[in-house]
Amino acid sequence: MSSQNSKKEQLAVVGIPWYSERSWRKMKDISDDQENFHNSYQVWLAHADKSVVILTNRNKPFERLQIDPVSYSWWCENQSIRRDKESRRMYIQYLLKCKMNE
């Protein structure tokens, strides 16, 4: 298998942001787009669990990635970007790449 194929396989893994209730609240508090968050941690968790079921049923590889709000905030500052939906998506991709390179 070529290294190009293995890179494509690595990128096929879906990163799912995962939070404790405390980290979810902190992420919401520090975000520039709080309106894009679910109404509660419990609603978010139900939605995240549903995503896991869908990915599992589709045999799609996924990785739950614990998000630390402090590290995320630092990363956004370092990238000079807002703490919003797009940066959360980018951060998940960053964490996936880091994990795959371990």
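For the structure itself, look to the data block above.
In this report, we go over the structure that sits alongside the text. Bear in mind that the values here come from a model prediction, so they are computed numbers and not experimental data.

**Digging into the overall build of the protein**
A tally of helices and strands in the protein yields five helices and two strands. Taken from the N to the C terminus, the helices and strands of the protein come in the order α-β-α-α-β-α-α. Looking at the 102 residues of the protein, the share that counts as buried comes to 30%. Accessible surface, the protein as shown: approximately 7000 Å² in total, 48% of it carbon and sulfur.

**Let's talk about the layout of surface pockets**
The volume enclosed by the largest pocket comes to roughly 600 Å³. Lining the largest pocket are 18 residues; nearest its centre among them are Pro-17, His-38, Trp-44, His-47 and Lys-85. Taken together, the elements giving at least two residues each to the lining of the largest pocket come down to β1 (14-18), α3 (41-57) and α5 (85-100). If one sorts the elements of the lining of the largest pocket by residue count, α3 sits on top with five residues.

**Considering the packing of aromatic side chains**
Per the counting criterion, the structure on display carries nine aromatic pairs. Each ring, one from Tyr-41 and one from Trp-44, has its centre 5.5 Å from the other, and the planes form 35°; the classification is tilted. Taken as a pair, Tyr-41 and Trp-44 lie in helix α3 at a separation of three residues, close to a single helical turn. Classification of Tyr-41 as buried rests on a relative accessible area of 11%.

**Description of the pattern of salt bridges**
Tallied over the full model, the rule gives five salt bridges. In this structure, the salt-bridge partner of Lys-99 is Glu-63, at a minimum N-O distance of 3.5 Å. Separated by 36 residues along the polypeptide, Lys-99 in helix α5 and Glu-63 in strand β2 (residues 62-66) bring together distant segments of the chain. Look at Lys-99 and you get partly exposed, because its relative accessible area is 37%. Given the relative accessible area of 23%, Glu-63 is considered partly exposed.

**Quick notes on the packing of helix α2 (residues 21-30) against helix α4 (residues 69-79)**
Any two packed helices are characterised by how steeply their axes cross, that is the angle between the axes, and by the distance between the axes. Orientation of α2 relative to α4, taken along the N-to-C sense of each, is 30°, at an axis distance of 9 Å. For the element pair α2 / α4, the angle class is roughly parallel. In this structure, α2 uses Ser-23, Lys-26, Met-27 and Ile-30 to contact α4, whose residues at the interface are Pro-69, Tyr-72 and Ser-73. Here the contact of α2 with α4 is built from residues that sort into four nonpolar, two polar and one charged.

**Side note on the side chain of Asp-33**
Looking at the secondary structure, you find Asp-33 in the loop between α2 and α3. Polar contacts involving the side chain of Asp-33 include one to the side chain of Asn-36, which spans 2.8 Å. Side-chain polar atoms of Asp-33 contact the backbone nitrogen of Lys-85, separated by 2.9 Å. Setting aside chain neighbours within four positions, we find Asp-33 in contact with Arg-83, Asp-84, Lys-85 and Arg-88.

So, how was this worked out
- Counting of residues starts from 1 at the beginning of each chain's written sequence and follows it residue by residue.
- At least 70 in pLDDT is required for a residue's local features to be given in this predicted model, at least 80 for side-chain atom pairs to be given and counted, and no such filter applies to totals for whole chains, interfaces and linings, which use all residues.
- For side-chain calculations, the full set of non-hydrogen atoms in the structure is used, while hydrogens and water are omitted.
- Counting from the N terminus, the helices are DSSP H or I runs at least four residues long and the strands are E runs at least two residues long.
- Each residue is assigned to one of three classes by its accessible area relative to the maximum for its type, calculated with a 1.4 Å probe on protein chains only: buried under 20%, partly exposed between the two thresholds, exposed over 50%.
- The accessible surface values rely on the Shrake-Rupley method and a 1.4 Å probe; as for residues, cover is taken only from the protein chains in view.
- Residues are said to line a cavity or pocket when one of their atoms sits within 4 Å of a point; the points come from a 1 Å grid over protein atoms alone, cavities being sets where a 1.4 Å probe fits but cannot get out and pockets being open sets with protein on both sides within 12 Å along at least five of seven lines.
- Grid points are joined across faces, edges and corners, and a volume is the space filled by probe spheres set on the points.
- A pair of Phe, Tyr and Trp rings is counted when the ring centres sit within 6.5 Å of each other, with Trp represented by its six-membered ring. The angle between the planes then sorts it: under 30 degrees is stacked, over 60 is edge-to-face, the rest tilted.
- What counts as a salt bridge is simple: a side-chain nitrogen of Lys or Arg found within 4 Å of a carboxyl oxygen of Asp or Glu.
- Angular values range over 0 to 180 degrees, each being the angle between N-to-C directions of two axes fitted as lines to C-alpha atoms, with helices fitted over their stretch in contact.
- Roughly parallel refers to an angle under 35 degrees, roughly antiparallel to one over 145, roughly perpendicular to one between 65 and 115, and oblique to any angle outside these ranges.
- Note on contacts: a residue pair is in contact if any heavy atoms of the two residues lie within 4.5 Å.
- Residue polarity follows a fixed list, in which Ala, Val, Leu, Ile, Met, Phe, Trp, Tyr, Cys and Pro are nonpolar, Asp, Glu, Lys and Arg are charged, and the others, Gly among them, are polar.
- Counted as a polar contact is a pair of N or O atoms within 3.5 Å, where, for protein atoms, one must be capable of donating a hydrogen and the other of accepting one, and residues adjacent in sequence contribute only when both atoms are in side chains.

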